[in-house]
Structures are given as C-alpha cells and as structure tokens.
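Summary of structural features
Below, each chain spelled out in residue letters.
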Amino acid sequence: LLLGGAMASAGLLPASGDLQAQEIRIPQGAQDQVVDRIAAVVGDSVIFMTQVEEGIIRRTVTTGQPMPTDPEVLQALRREVVEELVNEQLLLQAAARDTTVVVPEERIESTLRMAWDDELSRWGTEAALRAELERSQGMTVAQYRAQLREQIRRGLTVQTYVQSRSREARPVAV
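This text gives an overview of the structure that appears in the document.

What counts, and where the lines are drawn
Residues numbered from 1 in each chain as written. Predicted model: local features only at pLDDT ≥ 70, side-chain atom pairs only at ≥ 80, totals over all residues. Heavy atoms only, no water. Axes fitted to C-alpha atoms, helices over the stretch in contact; angles between N-to-C directions. Helix = DSSP H or I, 4+ residues; strand = E, 2+ residues; numbered from the N terminus. Parallel < 35°, antiparallel > 145°, perpendicular 65-115°, else oblique. Contact = heavy atoms within 4.5 Å. Salt bridge = Lys/Arg side-chain N within 4 Å of Asp/Glu carboxyl O. Buried < 20%, exposed > 50% of the residue type's maximum accessible area, 1.4 Å probe, protein only. Expected span 1.5 Å × (residues − 1).

Quick look at the packing of helix 2 (residues 49–63) against helix 3 (residues 71–97)
- Between helix 2 and helix 3, the shortest axis-to-axis distance is 9 Å and the interhelical angle comes to 105°. As far as their axial angle goes, helix 3 and helix 2 are roughly perpendicular. Contacts between helix 2 and helix 3 pair Met49, Gln51, Val52, Glu53, Gly55, Ile56 and Arg59 from the former with Leu74, Leu77, Arg78, Glu80, Val81, Val82, Glu84 and Leu85 from the latter.

Structure, rendered in structure tokens:
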C-alpha cells in the first residue's frame, strides 16, 4: 500500500502531498474548457479526478454515510480513494503482464447478475433504481450496468492475480 510520502516519492503525488490535480484543457473556440483533471499517473495509465469523485460517491452510497462537507475530511477521503485506485491499477498492470491471469466471461456475467439482483432488491424496482441513478449520478441504467460490469471485471482480475501470486509464494521459515 502506497501512502502519503511514498506516493509522492513514487511520482504519484506532489512532494508536498497535496492532492492538487492537473487540469486537462481542450480548445473550444477562443476559450479553453476544463474536461477533467489528472489525480495520478500509474505506469502508462491515468487516474482522473472524475474517477476519484465517483469512488467517493460509491463509498458514501454503500456505507450509507452522507457526503462529507468538511473540506479536510473530504480531502482525506479523496486521498484514500486515490490510494485505492493507484493500488488497484498497479495490480491490474501486474495482472496484464501475467499471461496466466484469465477471468472467464461467464464468471464476470454471473457475478454481474448477482450484483444486479442485489441492486434491484435494494431499490425494490428497476424504476426506482433508474430514478435514483438519474437523480444522483446523471446516468442511465445501461451506463450503470456497463460501469458495474467494468468494476466487476477489474475486481475479479485483481482477485485472480492476487490468488495466483499467493499460490506461488513459498512459506517463510521462522
């Protein structure tokens, strides 16, 4: 797990440890417009601030906690989510290099079906889920399912990689 100073020394955060994201701008006529900001760079992958904000929303929704309003608490939560995303990305990159790590599509689909059923039972109906998605995240059911599927794929890939590495690990003599 990379924390604070370690993240800064690894080039993932500024040396000060501040989570000041870099802005990405594209020209639009005579004015620039901020599209997204970079929170971290991990190898050849970029973690955007929108991903961090989505992670915060997911965390508050799944824990039932309200969105923090205290700037210091919100900054600490952002830092935690960035660390989680960085660690996940490092594991995904390692898994991509390991040709033995394969997650069958059937496993992804069955896990998606179970997660979808859980979401529907939590909201009661698909109409209630649809209304909440549109209200809180501005997304359609199809977009949410695609995002959920990608999260599941990533999670199963990391899980498969970690399990394969732990099977290969030799016991330490004490």
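Now, onward.
Here we look at the environment of Ala94
- Within the secondary structure, Ala94 is located in helix 3.
- C-alpha separation for the pair Ala94 and Val162, spaced 68 residues apart in sequence, amounts to 9.8 Å.

Examining the pattern of salt bridges
- Tallied over the full model, the rule gives 11 salt bridges.
- Note that Glu119 is salt-bridged to Arg122, the shortest N-O span being 3.3 Å. Of the two residues, Glu119 and Arg122 both sit in helix 4 (residues 105–123), 3 residues apart, roughly one turn of that helix.
- By relative accessible area, which is 13% here, Glu119 ends up buried.
- The class for Arg122 is partly exposed, based on a relative accessible area of 45%.
- Between Arg135 and Glu132 there is a salt bridge whose closest N-O contact spans 2.7 Å. Here Arg135 pairs with Glu132, and both are found in helix 5 (residues 126–136), just 3 residues apart, close to one helical turn.
- We classify Arg135 as exposed; its relative accessible area is 62%.
- Beyond isolated ion pairs, a larger network of salt bridges with shared partners links Arg59, Glu80 and Glu84.

With respect to the side chain of Thr60
- Following the sequence through the fold, Thr60 ends up in helix 2.
- Assessed through its relative accessible area of 11%, Thr60 is described here as buried.
- With residues up to four places along the chain from it excluded, the contact list for Thr60 reads Gln65, Pro66, Met67 and Pro68.

Thoughts on the environment of Gln159
- Within the fold, Gln159 resides in helix 6 (residues 141–168).
- Considered as a pair, Gln159 and Leu91 are 68 residues apart in the sequence and their alpha carbons are 9.2 Å apart.

Some thoughts on helix 6
- Helix length check: helix 6 (28 residues) gives 40 Å between terminal C-alpha atoms against 40 Å at 1.5 Å per residue, within 8%.
- Those residues of helix 6 that are buried are in contact with helix 2, helix 3, helix 4 and helix 5.

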